[in-house]
Every structure is written in structure tokens, then in C-alpha cells.
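A look at the structure
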Amino acid sequence: MPAAIATRPLRIAQVAPLYESVPPALYGGTERIVHYLTEALVELGHDVTLFASGDSCSSARLIAPCARALRLDNVVDPLAYHYTMLESVYRRAHEFDLVHFHLDYLHFPTTRRLQIKNVTTLHGRLDMPELGPLYAEYSEMPVVSISRAQRAPLPEACWVGNVYHGLPLDLQVPGPGGDYLAFLGRVSPEKGLERAIDIAERTGMLLRIAAKVDRADRAYYEDRIKPRLGSPHVEFIGEIDEAGKRDFLGNARALVFPIDWPEPFGLVMIEAMACGTPTIAWRNGSVPEVLDDGVTGTIVSSIDEAVDAVHAIGKLPRDAVRARFETRFSSLRMASDYVDLYRQLTSLGDDDARDRSGDPGLLHPGYRVARG
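Residues numbered from 1 in each chain as written. Predicted model: local features only at pLDDT ≥ 70, side-chain atom pairs only at ≥ 80, totals over all residues. Heavy atoms only, no water.

In the structure shown here, the tally under the stated rule is 9 aromatic pairs. A centroid spacing of 6.2 Å and a plane angle of 85° characterise the contact between Phe51 and Phe96, whose relative ring orientation is edge-to-face. With a gap of 45 residues between them, Phe51 in strand β2 (residues 47–51) and Phe96 in the loop between α3 (78–91) and β4 (98–101) connect regions that are remote in the sequence. For the pair shown, Phe51 and Phe96 are each scored as buried. Residues Tyr164 and Phe329 carry aromatic rings whose centres are separated by 6.4 Å and whose planes lie at 70° to one another, so their mutual orientation is edge-to-face. Taken together, the residues Tyr164 in the loop between β7 (159–162) and β8 (180–186) and Phe329 in the loop between α12 (318–328) and α13 (331–347) connect sequence positions 165 residues apart. Considered together, Tyr164 and Phe329 belong to a single accessibility category, that of buried residues. Each residue in the set Phe108, Tyr135 and Tyr138 is aromatic and connected to the rest through ring pairs, giving one cluster. A cation sits over an aromatic face here: Arg208 above Tyr180, 5.0 Å from the ring centre. The ring of Tyr164 carries the charged tip of Arg328 above its face, separated from the ring centre by 5.8 Å. (Phe/Tyr/Trp six-rings, centres within 6.5 Å; stacked < 30°, edge-to-face > 60°. Helix = DSSP H or I, 4+ residues; strand = E, 2+ residues; numbered from the N terminus. Buried < 20%, exposed > 50% of the residue type's maximum accessible area, 1.4 Å probe, protein only. Lys NZ or Arg CZ within 6 Å of the ring centre and 35° of its normal.)

And the structure:
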């Protein structure tokens with residue numbers, strides 16, 4: 001029996017963004033992780049309440065401030081729904097041992113004043129200069145990173161743990177591999193799709209692209225990507241759902257992840273691992289933490305290195321890729337890490353708060369456990 005369920009079950013609130021459902025119908029990394037975490041916590045025996053859009057599907061108790069995901073409804077003012085949701089969270093705060101937010105800093109001012117036991121997982125990039133003063137002001141608000149690289153721009157934040165993402169073990173199955181390269185994600189400059197196309201053309205392999213185009217990236221798509229879709233080495237599929245990933249990733253020779261930004265985690269890398277598919281990724285952000293170079297993929301720093309990696313990628317056994325995924329990136333492992341952290345945040349007194357270099361569940365010296 002896991003240690004997480006050997007003691008009293010916890011009463012936990014998970015507070016998700018409302019832009020996508022939980023889980024999302026298509027793209028939506030944060031909402032997907034909230035779903036996997038929530039389901040795993042329920043499986044571990046905890047009492048979980050999920051605050052999310054009404055079209056969400058969960059084994060937890062669902063409280064919905066809006067009927068549908070806001071992106072689907074083209075809502076003009078999404079903050080209105082988020083503040084309505086926060087008020088609902090605060091009214092029910094006495095029902096929970098801890099509230100786990102996934103809303104960045106939106107809730108900080110009120111949560112500070114109400115002294116609610118809470119933690120926030122930061123899912124995005126943190127290298128914007130505006131964030132420094134904000135996290136200095138809210139220096140007591142406990143936050144969790146999804147990779148240690150994510151912390152680099154904000155070392156002064158109140159980091160209380162680092163928990164890597166995880167997926168259900170039965171979500172994907174190992175595939176046989178194939179004769180094409182896969183690109184999965186968003187079409188945007190930082191995701192490196194132009195590099196992926198260069199790699200395909202240099203190697204003579206087909207690049208299959210399963211990606212969404214956000215409104216903010218439409219001009220980039222029209223100017224830089226669309227003119228290259230006529231290449232015989234490129235096939236643009238568009239956005240795919242969770243079921244479609246199994247064949248798309250499992251039948252690929254490799255996933256290409258040529259990012260040009262400080263990636264906080266890179267969920268697609270572990271989705272590929274779950275299918276037994278190795279990844280060829282640029283050495284940016286979380287990549288060296290998530291990929292085991294030479295086991296689950298190859299880490300590169302140039303197009304030339306990526307081309308060489310494509311030719312050698314068949315030497316990586318696909319069963320070893322899947323095995324490493326099962327060891328490091330299951331949703332039950334993720335949930336157990338969070339439960340350890342929840343228990344520390346709700347039971348440690350001020351004199352016990354301490355920092356142990358950011359391992360999962362270990363407290364920052366500036367954190368003080370809320371009372372009452």
C-alpha cells in the first residue's frame with residue numbers, strides 16, 4: 001500500500017483554469033495535468049473537489065462556474081468567470097485541508113488575506129521581467145515548479161517543491177515506430193517548427209505535424225510556416241485529440257522537439273515516451289531534466305546534431321524508452337509526490353519549515369504554514 005494512503009485521506013481542492021475543460025478536448029497542457037492529478041488523487045483514496053468548467057469530466061466532485069470551456073464560447077472577459085470561481089473556492093475553503101491552485105498568481109491577494117492553506121503549481125514560463133517584483137511582494141505564497149530549470153528567473157519565489165508531470169500508465173501503449181518524424185504541439189516561433197522542417201528536408205524523412213494555430217500565432221503561421229507546407233517532406237495534420245496521439249506518436253520513428261525557449265516541462269516528451277518513441281530535443285529549459293540522453297532520446301544543440309541524431313535514433317530500444325517512462329513519469333508517482341507535499345504544508349509548524357534544495361515536498365525557509 002502506498003504511503004500516501006496509509007494515513008487519513010486528505011480533503012483537497014483542485015482549482016483549474018477555465019479556458020479549456022478538464023481534461024481538454026484538444027490542446028491544453030495545464031488542464032490535462034490537472035485531470036491526471038485529480039484522477040490519481042481519487043484513486044489514492046483522497047476526497048477531491050475540482051473547480052473547472054462544466055464540460056469537464058472527473059471522478060472528483062465538480063464545481064463549475066461556467067457551463068463550457070471559455071475558449072469554446074469565445075468569452076470576451078474570461079476574468080469574470082475566474083473571479084466568480086475564486087469566490088466559490090473561498091466560501092468552501094473550510095471544507096478542505098488544502099487548496100491547490102493552477103491559476104498562476106491570480107488568487108494571491110485574497111488567498112494571502114484569508115490565510116487559506118494553499119499551494120500553487122506554476123505551469124508556464126517565468127522569464128518575464130514583470131514577475132520579479134510580483135513574486136517579491138508575495139514572497140510567502142508557496143509555489144511548486146514543474147522543473148528546476150523553470151525556477152531560474154525567479155530564485156526568490158517561495159519554492160516549496162518540484163514535482164514533474166505524470167501520465168496514467170494505460171493512457172498510451174508502446175507503438176512499433178515507423179518511417180516518419182513527428183511534431184506535436186503549437187505552431188509558434190518558440191516551438192521550433194521551422195527547425196523541424198529543416199531537419200526533415202536534410203534527412204529526406206517525412207515530417208508529420210499535428211499542431212494547433214492560436215490566434216496570436218496566425219500571422220507567423222501564414223508568413224513562415226504555410227509557404228513550406230508544400231514540401232514533399234511535410235504533412236500538416238492539424239490539431240489532434242488524445243486518442244489520435246497513440247498512433248501518431250507510436251508509429252513515429254522519433255518525436256522532434258526543437259524548442260527555442262526555456263520550456264518549463266514539455267508534456268509531449270513524456271507522451272512520446274509512453275508510446276516508446278524517443279525524442280530529439282534542443283538543450284533548452286527542462287529538456288535535460290526530462291530526457292535521459294541516450295536512453296529516452298537525444299539532446300542536441302544544432303541542426304547538424306539533430307540530423308545525426310535522426311540517423312542514429314533507431315539504436316535506442318523502444319522498450320527501454322517505455323520502461324523509463326513508467327519509472328519516472330506515471331500519474332500515480334506525480335500524485336504521491338503532491339500528497340507528500342500537501343501533508344507537509346498542512347502539518348509542519350513554523351519552527352519546522354526548511355529548504356532541502358527543492359526536492360518534491362520540501363519547504364522553502366520563508367514559508368509559514370497558515371493557521372485556522
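With that settled, the discussion passes to the sheet that holds strand β6 (residues 143–145). Spatially, β3-β2-β1-β4-β5-β6-β7 is the arrangement adopted by the 7 strands of the open sheet, whose pairing is parallel. Bordering the open sheet on either side are β3 (61–63) and β7, each of which pairs with just one other strand. Between one strand axis and the next, the sheet turns through 25° on average, direction left out of account. As paired elements, strand β1 (residues 11–15) and β2 share 5 bridges and run parallel to each other. Across the sheet, residue Ile12 finds its bridge partner in β2, namely Val48. (Pairing = 2+ DSSP bridges. Axes fitted to C-alpha atoms, helices over the stretch in contact; angles between N-to-C directions.)

Quick look at the packing of helix α1 (residues 29–43) against α13 now. Packed helix pairs are characterised by how far apart their axes lie and by the angle those axes make with each other. α13 packs onto α1 with a crossing angle of 75° between their chain directions and a minimal axis gap of 9 Å. It follows that α1 is roughly perpendicular to α13 by the angle criterion. Of the residues in α13, those touching α1 at Ile33, Tyr36, Leu37, Ala40, Leu41 and Glu43 are Ser331, Leu332, Met334, Ala335, Tyr338, Val339 and Tyr342. Considered class by class, the residues forming the contact of α1 with α13 number 11 nonpolar, 1 polar and 1 charged. (Parallel < 35°, antiparallel > 145°, perpendicular 65-115°, else oblique. Contact = heavy atoms within 4.5 Å. Nonpolar A, V, L, I, M, F, W, Y, C, P; charged D, E, K, R; others polar.)

A surface patch of nonpolar side chains, amounting to about 300 Å² of accessible area, comprises Tyr19, Leu79 and Tyr83. Along the chain, the position of Leu79 falls in helix α3. For Leu79, a relative accessible area of 39% corresponds to the partly exposed category. (Patch = residues over 30% accessible without salt bridge, like charges linked within 9 Å, V, L, I, M, F, W, Y side chains within 5 Å. Areas by Shrake-Rupley, 256 points an atom, 1.4 Å probe, with all protein chains shown as cover. Salt bridge = Lys/Arg side-chain N within 4 Å of Asp/Glu carboxyl O.)

Here we take up unusual backbone geometry. Cis geometry is adopted by the peptide bond preceding Pro23, which originates at Val22 and carries an omega value of 0°. If you trace the backbone, Pro23 turns up in the loop between β1 and α1. Phi at Asp104 takes a positive value of approximately 60°, unusual for a residue other than glycine. Within the fold, Asp104 resides in the loop between β4 and α4 (108–114). Using a relative accessible area of 36% as the deciding quantity, one classes Asp104 as partly exposed. We note that Gln115 has phi near 55°; this positive angle belongs to a residue other than glycine.

Taken residue by residue, a regular strand's side chains alternate between the two faces of the sheet. The buried count for β8 comes to 7 of 7 residues, which makes it a mostly enclosed element. Here β8 pairs with strand β9 (residues 206–212) via 7 bridges, running parallel. Bridged to Leu181 within β9 is Leu207. In this view, the connection linking β8 to its parallel neighbour β9 by way of helix α6 (residues 193–203) has right-handed handedness. Here 2 bridges tie β8 to strand β11 (residues 254–257), and the two strands are oriented parallel to one another. Paired with Ala182 across the two strands is Leu255, which belongs to β11. (Right-handed = clockwise from strand over helix to strand, strands pointing away.)

Here the focus is the pattern of salt bridges. Enumeration over the complete set of coordinates arrives at 28 salt bridges. One salt bridge connects Arg186 with Glu190, and the closest N-O pair in it is separated by 3.2 Å. Accessibility expressed as a relative area gives 14% for Arg186, which makes it buried. With a closest N to O distance of 3.7 Å, Arg195 and Asp260 form a salt bridge. Here Arg195 is found in helix α6, whereas its partner Asp260 is found in the loop between β11 and α9 (267–274), with 65 residues between them in sequence. Since its relative accessible area comes to 23%, Arg195 is described here as partly exposed. Residue Asp260 is classed as partly exposed on the basis of its relative accessible area, which comes to 48%. Linked by salt bridges that have partners in common, Arg32, Glu242, Lys245 and Glu271 make up one network.

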